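# Reading the structure
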Amino acid sequence: DSGVTQTPKHLITATGQRVTLRCSPRSGDLSVYWYQQSLDQGLQFLIQYYNGEERAKGNILERFSAQQFPDLHSELNLSSLELGDSALYFCASSGAQGYNEQFFGPGTRLTVL
Amino acid sequence: AQSVAQPEDQVNVAEGNPLTVKCTYSVSGNPYLFWYVQYPNRGLQFLLKYITGDNLVKGSYGFEAEFNKSQTSFHLKKPSALVSDSALYFCAVRDGGTGANNLFFGTGTRLTVIP
């Protein structure tokens, strides 16, 4: 158990809908990262937050947004969903330093029908 | 730009034999290198990392990795493979010279240990 929790575990929705994925980092970790894993794109970094502020952005679509709350949990919002958004979405957390390893949650499997 | 290459999609090895999963990297500064393992329907589990110091890094479950700066490689190794090692392995890199801490992952190598 990595100490990172994600809800829900599975999500099935229709095209055009909006969903919210939730992540609670390990106790004490201020950094939260979101990654998308799909068969065709592999593991891709989406966005990083550090102590409530956006720190880095990767290949995140404009239809996607995220935030980190004062209690350090984070939410990833996906809107106007398309079939191609079906993927496994991982949250990870780490300490403040760049050499700290990231600990991954179990993921949320999103299926867009 | 940072990147990682895992040249083998699939590696098969007999139980008890040594295993190697290959990884090469490209960064502009000093690399921070990581190996993760993913079991079916699970998240990624951290195995080991190289930040600085000894080129041979020891990690979880008997795995080790060798950092080679001249060949820009960070191959994962284990002296004696177990069937339970069968999983998907990812190499990742972070550029130690940048402000962002996100990782760039390779495409993954599926390891199958044959009993």
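Now for a quick tour of the structure. (Residues numbered from 1 in each chain as written. Chains lettered and ligands numbered in written order. Predicted model: local features only at pLDDT ≥ 70, side-chain atom pairs only at ≥ 80, totals over all residues. Heavy atoms only, no water.)

Another aspect to go through is the pairing of strand E8 (residues 74-78) of chain A. All names here are of chain A. With respect to burial, E8 is a largely interior element, 5 of its 5 residues being buried. Along E8, one buried face is formed by Ser-74, Leu-76 and Leu-78 and the opposite face, lined by Glu-75 and Asn-77, is buried too. Alignment of strand E3 (residues 19-24) against E8, held across 5 bridges, turns out to be antiparallel. By the bridge assignment for E8, Val-19 is matched with Leu-78. (Buried < 20%, exposed > 50% of the residue type's maximum accessible area, 1.4 Å probe, protein only. Helix = DSSP H or I, 4+ residues; strand = E, 2+ residues; numbered from the N terminus. Pairing = 2+ DSSP bridges.)

Once that is clear, we can look at the pattern of salt bridges. With the rule as written, the count across this model stands at 8 salt bridges over all chains. Ionic pairing is found between Glu101(A) and Lys49(B), a salt bridge with its closest N-O pair at 2.6 Å. Here Glu101(A) is found in the loop between strand E9 (87-94) and strand E10 (103-104), whereas its partner Lys49(B) is found in strand E6 (residues 44-50) on a different chain. For the salt bridge of Glu64(B) with Lys58(B), the shortest nitrogen-to-oxygen distance reads 2.9 Å. Here Glu64(B) falls in the buried class, since its relative accessible area comes to 18%. Among the ionic contacts, a cluster of salt bridges with common partners joins Arg63(A), Glu82(A) and Asp85(A). (Salt bridge = Lys/Arg side-chain N within 4 Å of Asp/Glu carboxyl O.)

Enumeration according to the criterion identifies 2 disulfides over all chains in this entry. Note on cysteine connectivity: Cys23(A) is disulfide-linked to Cys91(A), with sulfurs 1.8 Å apart. Taking the sign of the torsion about the S-S bond as the criterion, the disulfide between Cys23(A) and Cys91(A), at about -50°, is left-handed. Separated by 68 residues along the polypeptide, Cys23(A) in strand E3 and Cys91(A) in strand E9 bring together distant segments of the chain. In this pair, the class of Cys23(A) matches that of Cys91(A), namely buried. The side chain of Cys23(B) participates in a disulfide bridge whose partner is Cys91(B); the two sulfur atoms lie 2.0 Å from each other. For the disulfide bridge between Cys23(B) and Cys91(B), the dihedral angle about the S-S bond is near -60°, and by the sign convention the bridge is left-handed. (Disulfide = S-S within 2.5 Å.)

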